Amino acid sequence: MKPLFRLALFAGLLLGSAAVYAATDTPVGTWKTIDDATGKPKSIVEITEQNGELQAKVLQVLQSDEGPHPLCTKCEGERKDQPVEGMVIMWGVSRDGNEWDGGKILDPHNGKTYKVKLSLLEGGQKLDVHGYIGFALLGRSQVWERQP
């Protein structure tokens with residue numbers, strides 16, 4: 001009976017560690033965005049996957065120059081003057097090896113849309129979000145922190 005118990009315990013631990021690894025090998029989840037200029041938290045964003053493509057939605061704005069519930073006043077089209085909270089700010093991103101790219105990201109502060117590339121850091125606990133125009137070598141990055 002003891003060997004069977006030990007086998008069951010080992011299998012449970014192995015499956016549990018695989019679930020933890022699987023949860024951190026993808027950008028899917030909830031993230032705290034960190035401003036690359038000030039180093040301060042700006043918002044809470046949820047990244048989801050639909051049909052193999054990632055998208056991100058702002059769940060909560062933590063800090064804004066425009067007040068507690070900012071509008072995307074500099075955005076164009078359907079996002080113009082819409083609340084930033086609840087807004088989809090990243091779309092069309094798909095996996096390419098150890099990175100995710102091919103999509104777009106919106107900066108609600110200036111209303112501009114950029115190409116985006118995502119890379120997991122520190123075992124999936126941080127996410128490098130690189131927005132750029134033209135070549136990926138040019139642009140700017142933010143490091144987001146995974147939230148429980």
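Our subject is the structure that appears above.
Okay, so let's go over this structure. (Residues numbered from 1 in each chain as written. Predicted model: local features only at pLDDT ≥ 70, side-chain atom pairs only at ≥ 80, totals over all residues. Heavy atoms only, no water.)

## Overview of the nonpolar core
Part 1 of the reasoning: Counting 23 residues, the largest nonpolar core has I47, M90, L118 and W144 as its most contacted members.
Part 2 of the reasoning: The leading source of residues in this core is strand β3 (residues 53-61), at four residues.
Part 3 of the reasoning: Not counting chain neighbours up to four residues away, the residues in contact with L118 comprise P27, L54, M90, V93, E99, W100, L127, D128 and V129. (Core = buried A, V, L, I, M, F, W, Y, C linked by side-chain atoms within 4.5 Å. Buried < 20%, exposed > 50% of the residue type's maximum accessible area, 1.4 Å probe, protein only. Helix = DSSP H or I, 4+ residues; strand = E, 2+ residues; numbered from the N terminus. Contact = heavy atoms within 4.5 Å.)

## Things to note about the side chain of R146
Part 1 of the reasoning: Along the chain, the position of R146 falls in strand β8 (residues 140-146).
Part 2 of the reasoning: Buried R146, no salt bridge; nearest opposite-charge side chain is D25, N-O distance 7.1 Å.
Part 3 of the reasoning: A distance of 2.7 Å separates a polar side-chain atom of R146 from the backbone oxygen of G124. (Lys, Arg positive; Asp, Glu negative; His and termini not counted. Salt bridge = Lys/Arg side-chain N within 4 Å of Asp/Glu carboxyl O. Polar contact = N/O pair within 3.5 Å; in protein donor to acceptor, adjacent residues only side chain to side chain.)

## So, unusual backbone geometry
Among all residues save glycine, negative phi is the norm, and among peptide bonds the norm is trans.
Part 1 of the reasoning: Residue N51 is not a glycine yet carries a positive backbone phi of 55 degrees.
Part 2 of the reasoning: Examined against the element boundaries, N51 turns out to sit in the loop between β2 (41-50) and β3.
Part 3 of the reasoning: You can call N51 exposed: its relative accessible area is 85%.
Part 4 of the reasoning: One non-glycine residue, E122, lies in the positive phi region at around 50 degrees.

## Brief notes about the pairing of strand β4 (residues 88-96)
Part 1 of the reasoning: In this sheet, β4 lies alongside β3 in antiparallel orientation, the contact comprising three bridges. Bridge pairing in β4 links A56 to M90.
Part 2 of the reasoning: As judged from the five bridges shared by β4 and strand β5 (residues 99-107), these two strands associate in the antiparallel manner. Considered in β5, the bridge of S94 is made with D101.
Part 3 of the reasoning: Linkage of β4 to β5, two consecutive antiparallel strands, is achieved through a turn of two residues, within which G97 is found at a positive phi near 70 degrees. (Pairing = 2+ DSSP bridges.)

## Re the state of the cysteines
Each disulfide consists of a covalent bond between the sulfur atoms of two cysteine residues.
Part 1 of the reasoning: Counting across every chain of the model gives one disulfide.
Part 2 of the reasoning: Across a sulfur-sulfur distance of 1.6 Å, C72 and C75 are joined as a disulfide pair. In terms of burial, C72 and C75 fall into one category: buried. (Disulfide = S-S within 2.5 Å.)

## Examining the pattern of salt bridges
Part 1 of the reasoning: Counted under the stated rule, the structure contains five salt bridges.
Part 2 of the reasoning: Taking the shortest distance from any N to any O, the salt bridge between R140 and D107 comes out at 3.5 Å. Here D107 lies in strand β5 and R140 lies in strand β8, a separation of 33 residues in the sequence.
Part 3 of the reasoning: Relative accessible area serves as the criterion here: at 15%, D107 is assigned to the buried category.
Part 4 of the reasoning: Two residues, K126 and E122, come together in a salt bridge whose shortest N-O distance is 3.8 Å.
Part 5 of the reasoning: What you see here is one network of salt bridges that share partners, running through D36, D107 and R140.

Take it as geometry only, folks, not as evidence of what the structure does.
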